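Residue strings, one per chain:
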Amino acid sequence: MATLIFILSAAALLQFFISYCRSLIAASIKQPLSAEVRDVTGIPNTASGEDFARVIQLLDLCPERPEERGRIRAINAYFRLLNVVRSTLARVIPALVTWTEMERGQCTYFAAVTLDRRIAFSRDMLAQQLDA
Amino acid sequence: MPGSIGYTIWVLGSLLEVCVVVSAIAKHSFRRYLCLNIYMLFSFLISLGRYYAFNHFGLRSSEYKYFYFYSDAVLTIFLYLALITLYLHVFDEMKVEKYVRLTAVLLLVGTVLFSYGVVQQSQNKMLTGAFFAELSQNLYFVGLVLTYILWGAILKLRETRTQLIQLVLSLGIYFSAFAATFALGNMFPNFQFFGYVVPVFGCLLPLAWAYAFWRLAPDARMAPARLAVVPR
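Each chain carries its own residue numbering, running from 1 in the direction its sequence is written. Chains carry letters from A onward and ligands carry numbers from 1 onward, assigned in written order. A pLDDT threshold of at least 70 governs which residues receive local features in this predicted model, and a stricter bar of 80 or more applies before side-chain atom pairs are shown or counted, although totals over entire chains, interfaces and linings include all residues. Side-chain metrics in this entry use all non-hydrogen atoms of the structure; hydrogen atoms and water are not considered.

## With respect to the overall build of chain B
Part 1 of the reasoning: Along chain B, the regular secondary structure elements total seven helices and zero strands.
Part 2 of the reasoning: Helix and strand definitions follow DSSP, with helices as H or I runs of at least four residues and strands as E runs of at least two, each counted in order from the N terminus. Taken from N to C terminus, the helices and strands of chain B fall in the order α-α-α-α-α-α-α.
Part 3 of the reasoning: Taken over the C-alpha trace, chain B has a radius of gyration of 18 Å; the compact-globule value for 232 residues is 17 Å, and the two agree within 12%.
Part 4 of the reasoning: Principal-axis analysis of the C-alpha atoms places the extent of chain B at approximately 50 × 40 × 30 Å.
Part 5 of the reasoning: For chain B, the residues scored as buried account for 46% of the 232 residues in total.
Part 6 of the reasoning: To measure how exposed things are, a 1.4 Å probe is used in the Shrake-Rupley method; for residues, cover is taken only from the protein chains shown. Carbon and sulfur atoms make up 67% of the accessible area of chain B, which amounts to about 12100 Å² in all.
Part 7 of the reasoning: Only four residue types enter the charge count, namely Lys and Arg as positive and Asp and Glu as negative; His and the chain termini do not. Positions of charges follow a simple convention, taking NZ of Lys, CZ of Arg, CG of Asp or CD of Glu. With 17 positive and 9 negative side-chain charges, chain B shows a spacing of 5 Å between the two charge centroids. As defined in this context, the radius of gyration uses C-alpha atoms, and a globule is described by 2.2 Å times the residue total to the power 0.38. The rule is simple: take the accessible area with a 1.4 Å probe, protein chains only, and divide by the maximum for that residue type; under 20% is buried, over 50% is exposed, in between is partly exposed.

Here is the structure:
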């Protein structure tokens, strides 16, 4: 009985986690990227999963906003999960390749939008310091 | 859960619970999600009570154990009620409030009776404590099933309120993580690791709710098609 409950709960946890991450991404997907971030990240209109690590490295260079920490960790975990799916299940089910690629690209876009916000935040902080 | 790590998780969880209520008040969502906020407030007060019992009687005392299990059962019932209010939000326009409340009460009574039956059949001498522990576990599983049904309803009804969606999804993660941990605990009773995992999961719910109240506008909307794991 405990094994059955564990399997069901783990499956539900996975599904809720994926949906939660998608809802976080969906909230930022409508936001356009500034020309500056497009230049820095090299992302034209659609982001690719291959750029994710680079965008995260750029994010680490900017001062962190505390309210974003949890979301970035969640998306990072989601991206890793997608990588696992791509290198395991997607080899057996080819339809998953397209899906994981799309999702990985959206994770990158989310990270780029966060980078955009961080740059704006840093600029505001600098302006405040100059004013003071 | 003794030790500095345990204390840190405990304090962090309690602070996050306060953060949820403060965020909801600051962003004018307190009354809209009254039951969720009362649950968080109550959870914070119980954390203080547990700390008092822990300090005065010790971790292994029967006073602390009883307080822990009773308060956990009461908290789980509160969370169950909070989940039902989320149902009322989702089915708001369908005017089925009466039926939702009736079903919720029947399900709660059924879970209490089932838990009582399970405990009575066992040879456990701490009958009351065992009953509350059993009730908590069963309510977590019922909560998980109900959240899953609610999530299905959100997708089917094409609910677009971002804040409501994130509140439900984080509750789903919380319930399923707890149900999975309880099940693992039953499968491997001697594994000490769960003593830390449960409180860490306990921090995730207030963290996600605080974010939802603080960052998302109550009227923010999203395309429901973006939420389904299988693209629509």
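Right, picking up where we left off after that structure.
## Some remarks on the side chain of R71 of chain A
Part 1 of the reasoning: Position of R71 of chain A among the secondary structure elements: in helix α4 (residues 69-87).
Part 2 of the reasoning: Look at R71 of chain A and you get buried, because its relative accessible area is 6%.
Part 3 of the reasoning: Here the side chain of R71 of chain A touches Y211 of chain B through a polar contact of 3.0 Å, side chain to side chain.
Part 4 of the reasoning: For R71 of chain A, the residues in contact, after removing those within four places along its chain, are L24, F110 and R117 of chain A together with Y211 and R215 of chain B. For the purposes of these results, a polar contact is taken to be a pair of N or O atoms within 3.5 Å, where, inside protein, one atom must be able to donate a hydrogen and its partner to accept one; residues adjacent in sequence count only when each atom of the pair is a side-chain atom. Contacts between residues were defined by any pair of non-hydrogen atoms, one from each residue, lying within 4.5 Å.

## Looking at the nonpolar core
Most often, soluble globular proteins keep nonpolar side chains buried together rather than apart.
All names here are of chain B.
Part 1 of the reasoning: Think of a nonpolar core as a cluster: buried Ala, Val, Leu, Ile, Met, Phe, Trp, Tyr and Cys residues, connected wherever their side-chain atoms sit within 4.5 Å. Judged by nonpolar contacts, the single largest core of 93 residues is most densely connected at L86 and W209.
Part 2 of the reasoning: Counting residues per element, this core draws most heavily on helix α5 (residues 127-156), at 13 residues.
Part 3 of the reasoning: In this structure, L86 is in contact with Y33, L36, L150, L164, L167, V168 and L171, ignoring residues within four places of it in sequence.

## Concerning the pattern of salt bridges
Part 1 of the reasoning: Take a side-chain nitrogen of Lys or Arg and a carboxyl oxygen of Asp or Glu: if they are within 4 Å of each other, that pair is a salt bridge. Tallying each qualifying case throughout the model produces 10 salt bridges over all chains.
Part 2 of the reasoning: A salt bridge links R104 of chain A to E101 of chain A; the shortest N-O distance between them is 3.4 Å. Taken together, the residues span about one helical turn, with R104 of chain A and E101 of chain A both in helix α6 (residues 95-131) at a distance of three residues.
Part 3 of the reasoning: Where D72 of chain B meets R50 of chain B, a salt bridge forms, and the shortest distance between an N and an O atom there is 3.8 Å. A residue pair is termed long-range when its members are at least 10 positions apart, and D72 of chain B in helix α3 (residues 62-90) and R50 of chain B in helix α2 (residues 34-57) qualify at 22 residues.
Part 4 of the reasoning: Taking relative accessible area as the criterion, R50 of chain B reaches 12% and is therefore assigned buried.
Part 5 of the reasoning: In this structure, a network of salt bridges that share partners links the residues E50, R86, E101 and R104 of chain A.

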